[in-house]
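So you can see what is in the structure, the chains are spelled out below.
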Amino acid sequence: MIKQKIIYSIFFIGLFIAYSCASSETKESANTTPIKDTVMSSIETSTQSEITCPKCRNKKMETLPTDVCLIKYKCANCDTVLFPKEGDCCVFCTYGTHKCPSKQEN
């Protein structure tokens, strides 16, 4: 019984790692930021970010908060609640076109 639980645990951990790696590769290949935006963002901090729901692909332009990191966001289209991925401080760093102001300054 214990061996079976260990095998299931290892299987699900493997699935989680595979999913995490696949989703980061998709995000990197889908990131086609124009050169002009990249140059502009290195000069000044963006105050707007287009956030994309990973479930329904709905996009919405939002104002970036300057005083806090937003760790919970509800999609206006499908009501999915988004949380940042591991290693990101907020939902804009994970699902937005621009990272939060604190990350842009670094």
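Below you will find a few notes about this structure.

Calculation criteria
Residues numbered from 1 in each chain as written. Predicted model: local features only at pLDDT ≥ 70, side-chain atom pairs only at ≥ 80, totals over all residues. Heavy atoms only, no water. Helix = DSSP H or I, 4+ residues; strand = E, 2+ residues; numbered from the N terminus. Buried < 20%, exposed > 50% of the residue type's maximum accessible area, 1.4 Å probe, protein only. Contact = heavy atoms within 4.5 Å. Areas by Shrake-Rupley, 256 points an atom, 1.4 Å probe, with all protein chains shown as cover. Patch = residues over 30% accessible without salt bridge, like charges linked within 9 Å, V, L, I, M, F, W, Y side chains within 5 Å. Salt bridge = Lys/Arg side-chain N within 4 Å of Asp/Glu carboxyl O. Pairing = 2+ DSSP bridges.

1. Considerations on the overall build of the protein chain
- When helices and strands are counted, the protein chain shows four helices and four strands.
- Mapped in sequence order, the helices and strands of the protein chain form the string α-α-β-β-β-β-α-α.
- Burial status across the protein chain gives 21% buried among its 106 residues.
- Summarising the internal contacts of the protein chain: among those between residues at least 6 apart in sequence, 37% fall at separations of at least 24.
- Per element, the accessible surface of the protein chain, about 8100 Å² overall, is 59% carbon and sulfur.

2. Brief notes about a nonpolar patch on the surface
- A surface patch of nonpolar side chains, amounting to about 330 Å² of accessible area, comprises Ile2, Ile6 and Ile10.
- In this fold, Ile2 is placed in helix α1 (residues 2-30).

3. Section: the pattern of salt bridges
- Overall, the coordinates contain one salt bridge when judged by the stated rule.
- For Lys60, the salt bridge goes to Glu62, with nearest N and O atoms at 3.6 Å.
- Taking relative accessible area as the criterion, Lys60 reaches 37% and is therefore assigned partly exposed.
- Judged by relative accessible area, Glu62 falls into the buried class, the value being 19%.

4. A word on the pairing of strand β1 (residues 48-52)
- Of the strand pairs in this sheet, β1 and strand β2 (residues 59-63) are connected by five bridges, and their pairing is antiparallel. Bridge pairing in β2 links Thr52 to Lys59.
- Where β1 folds back on β2, the antiparallel hairpin that results is connected by six residues, among which Arg57 adopts a positive phi of roughly 65°.

Read these as layout, nothing more, since geometry by itself doesn't imply function.
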